[in-house]
Amino acid sequence: MPVPCDQNPITLASYLDGELAPDQIPAMHEHIATCPQCAIEIAELTRLKHGLRAARGHHTPTLEFKKKLQQQVAPPRRPRLNVLRFIPAALALAATLLLAFTWTQHSRRQDAFSEVADLHVNALASTNPLDVISTDRHTVKPWFQGRIPFSFNVPELTGTEFTLLGGRVVYLHQQPGAQLIVAMRQHKISVLIFQASPGQALPFPASTEAGAHNAFTVETWQSNGLRFLVIGDVDATEIERLAQSLKQANS
Amino acid sequence: MDPEFFEQLAMPLFDQLYNFAHWLTGDRTDAEDLVQETYAKALKGFRSFQQGTNLRAWMYRILRNTFHTSRTGLAAQNTSSLEEEEAQGNAVTAHTVTPELLLLQQEDQQTVLKALAALPVPYREIILLCEVEELSYREIAQVLDVPIGTVMSRLSRARTALRQPQKTNPLGRPIDARTL
């Protein structure tokens, strides 16, 4: 019969699991060296430990499951965050493009109005401002036949503050057009008429109220395929009155 | 803790947690469900996770608790509950040279693994946490939510049960095949 051992089996296991307090380890070593029962128990537990190592990583997850879980765990905000991060930049870019586009359009219009003003000034500065000199609209209108590829009506200005002085042929953006010079007291007003061909649309807004450009007052509108521009150094209300009579004559 | 860090901290535990889950459930599909639910719960509760505390023990604890409330876990508990385990005392003494020792010496690791799979859940999980996942007694106590003393005594009984694979479980009932 072996001498009964009072060693607690839990202490033996703690020793093997590395959980025994360091100050108890020398005593444990001494005991195992003298107690065959505990030595056998230690050997058996060690053997068990070795056997159980095979259970580590025994079951391995599939790659698909790992990917699935990674997607579940990955912070979902990251991709959205990247998109959000670009929104201010995109807005800024869009705003810049819009501004550039608007400015370009605006400056094209400004350029177009400047050209119209040039035509007006050019005519007034010329020693021969008119090709046809007549206050009679029935003389001026037929004169343009064969000179320009379209026809228009000259309103009856007799009895108004406006006096028709005559007309001439002008070109704007390689398009021929008619220029009528109308006098109002000492002021001279140009009426410019061009074809509003869709392919070669002149860079004017569809229509404007009389507005100031380079100190000239300009009004423009489109009617029956024709582009009308009225420009002069008079008040907007007077330009507007002349424009109204032209609109009525050509509606 | 910021959920941004969750992936970095929790994903390295993935393989180990899966292994643990598969040993507990004994089935790939159940193990995947268990791991997935564990990560979902952990991610949800990650804000309340205290930095500096043991993330590994925290994750194992979520997995283990999830398992015990799952269908498989409940079924396993019903067939192998270890009620009044402390009352069982140290009836099984390992201080004698047993024929099981000789048997174990001759058998290969497959036998040990088979015996592990056949263990009742409370023994199986503590063996897994200690021997396979290599958690410290303190960590195991956190996972199981029991005092360290209980960890030590339960571990001792689990080892004894593991060395007697052909015998019945501590309640004297034959181990239910469904738990294997």
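Cut-offs applied
Residues numbered from 1 in each chain as written. Chains lettered and ligands numbered in written order. Predicted model: local features only at pLDDT ≥ 70, side-chain atom pairs only at ≥ 80, totals over all residues. Heavy atoms only, no water. Helix = DSSP H or I, 4+ residues; strand = E, 2+ residues; numbered from the N terminus. Buried < 20%, exposed > 50% of the residue type's maximum accessible area, 1.4 Å probe, protein only. Contact = heavy atoms within 4.5 Å. Areas by Shrake-Rupley, 256 points an atom, 1.4 Å probe, with all protein chains shown as cover. Phe/Tyr/Trp six-rings, centres within 6.5 Å; stacked < 30°, edge-to-face > 60°. UniProt positions renumbered as here; feature names shortened; annotations may be inferred. Buried area = accessible area lost by both parts, 1.4 Å probe. Salt bridge = Lys/Arg side-chain N within 4 Å of Asp/Glu carboxyl O. Polar contact = N/O pair within 3.5 Å; in protein donor to acceptor, adjacent residues only side chain to side chain. Pairing = 2+ DSSP bridges. pLDDT = per-residue confidence, 0-100.

A. Representation of the overall build of chain A. Each helix and strand counted, chain A has seven helices and seven strands in total. Helices (α) and strands (β) of chain A occur, in sequence order from the N terminus, as α-α-α-α-α-β-α-β-β-β-β-β-β-α. Buried positions account for 39% of the 251 residues belonging to chain A. Counted over contacts in chain A with a minimum sequence separation of 6, partners at least 24 positions apart contribute 58%. In the structure as shown, chain A presents an accessible area of about 14300 Å², 57% of it carried by carbon and sulfur atoms.

B. Just the overall build of chain B, in detail. Assigned secondary structure in chain B consists of ten helices and zero strands. Overall, chain B shows an N-to-C arrangement of helices and strands of α-α-α-α-α-α-α-α-α-α. Taken over 180 residues, chain B has a buried fraction of 50%. In chain B, 71% of the contacts between residues at least 6 apart in sequence involve partners at least 24 apart. Accessible area for chain B stands at about 8600 Å²; split by element, carbon and sulfur atoms hold 51% of it.

C. The arrangement of the packing of aromatic side chains in detail. In the structure shown here, the tally under the stated rule is 13 aromatic pairs over all chains. Residues F65 of chain A and Y18 of chain B carry aromatic rings whose centres are separated by 6.2 Å and whose planes lie at 55 degrees to one another, so their mutual orientation is tilted. With F65 of chain A in helix α4 (residues 63-73) and Y18 of chain B in helix α2 (residues 14-25), this residue pair bridges two chains. Y18 of chain B sits in the buried class, given a relative accessible area of 0%. Note on F20 of chain B and Y60 of chain B: the rings are 5.2 Å apart at their centroids and 70 degrees apart in plane angle, and the pair reads as edge-to-face. Here the residue F20 of chain B occupies a position in helix α2, and Y60 of chain B occupies one in helix α4 (residues 55-69), the gap between them amounting to 40 residues. As far as the burial class goes, F20 of chain B and Y60 of chain B line up, both buried. Here a set of aromatic residues connected by ring pairs shows up, and it is made of F65 of chain A together with F6, F14, Y18, Y39, F46, F49 and W58 of chain B.

D. Focus on the UniProt feature "domain: Putative zinc-finger" (unreviewed entry) in chain A. Mapped onto this numbering, the UniProt entry gives "domain: Putative zinc-finger" (unreviewed entry) at residues 13-39 of chain A. Strand forms 0% of residues 13-39 of chain A and helix 67%; the C-alpha atoms that close the span are 12 Å apart.

E. Geometry of the interface of chain A and chain B. Contacts between the two partners involve 40 residues from chain A and, on the opposite side, 45 residues from chain B. Of the roughly 4200 Å² buried between chain A and chain B, counting both surfaces, carbon and sulfur atoms make up 61%. Linking chain A with chain B are six salt bridges. Taking the shortest distance from any N to any O, the salt bridge between K66 of chain A and D15 of chain B comes out at 4.0 Å. The tally of links from chain A across to chain B stands at 15 residue pairs in polar contact (both at pLDDT 80 or more).

F. Fine view of the pairing of strand β6 (residues 216-223) of chain A. The buried count for β6 of chain A comes to seven of eight residues, which makes it a mostly enclosed element. Between β6 of chain A and strand β7 (residues 226-232) of chain A, which pair antiparallel in sequence order, lie two residues; one of them, N224 of chain A, sits at a positive phi of approximately 50 degrees.

G. Examining unusual backbone geometry more closely. Residue and element names in this part refer to chain A. One non-glycine residue, Q174, adopts positive backbone phi at about 65 degrees. Its relative accessible area of 71% is what places Q174 among the exposed residues. Here N224, not a glycine, exhibits a phi torsion of approximately 50 degrees, which is positive. Residue position: N224 is located in the loop between β6 and β7. Judged by its relative accessible area of 64%, N224 falls in the exposed class.

H. A look at the side chain of E139 of chain B. Assignment of secondary structure puts E139 of chain B in helix α9 (residues 137-144). E139 of chain B has contacts with N54, R56, A57 and E134 of chain B, leaving out every residue within four places of it along the chain.

I. The confidence of the model for chain B, seen in detail. All names here are of chain B. Averaged over every residue, the pLDDT of chain B is 78; the share at 70 or more is 71%. Confidence, expressed as mean pLDDT per element, reaches its minimum in chain B at helix α6 (residues 99-106) with 56 and its maximum at α9 with 94. Below pLDDT 50 for its whole length, residues 83-95 participates in 20 contacts with residues either more than four positions away or in separate chains.

J. Structural detail: the pattern of salt bridges. Evaluated as defined, the whole model comprises 16 salt bridges over all chains. The closest approach of N and O atoms between E131 of chain B and K49 of chain A, which form a salt bridge, is 2.8 Å. With E131 of chain B in helix α8 (residues 121-132) and K49 of chain A in helix α3 (residues 36-52), this pair bridges two chains. For D145 of chain B, the salt bridge identified is with R61 of chain B, shortest N-O distance 3.3 Å. Here R61 of chain B lies in helix α4 and D145 of chain B lies in the loop between α9 and α10 (148-162), a separation of 84 residues in the sequence. Overall, the relative accessible area of 55% leaves D145 of chain B in the exposed class. One salt-bridge network, held together by shared partners, links D17 and K49 of chain A together with E131 and R159 of chain B.

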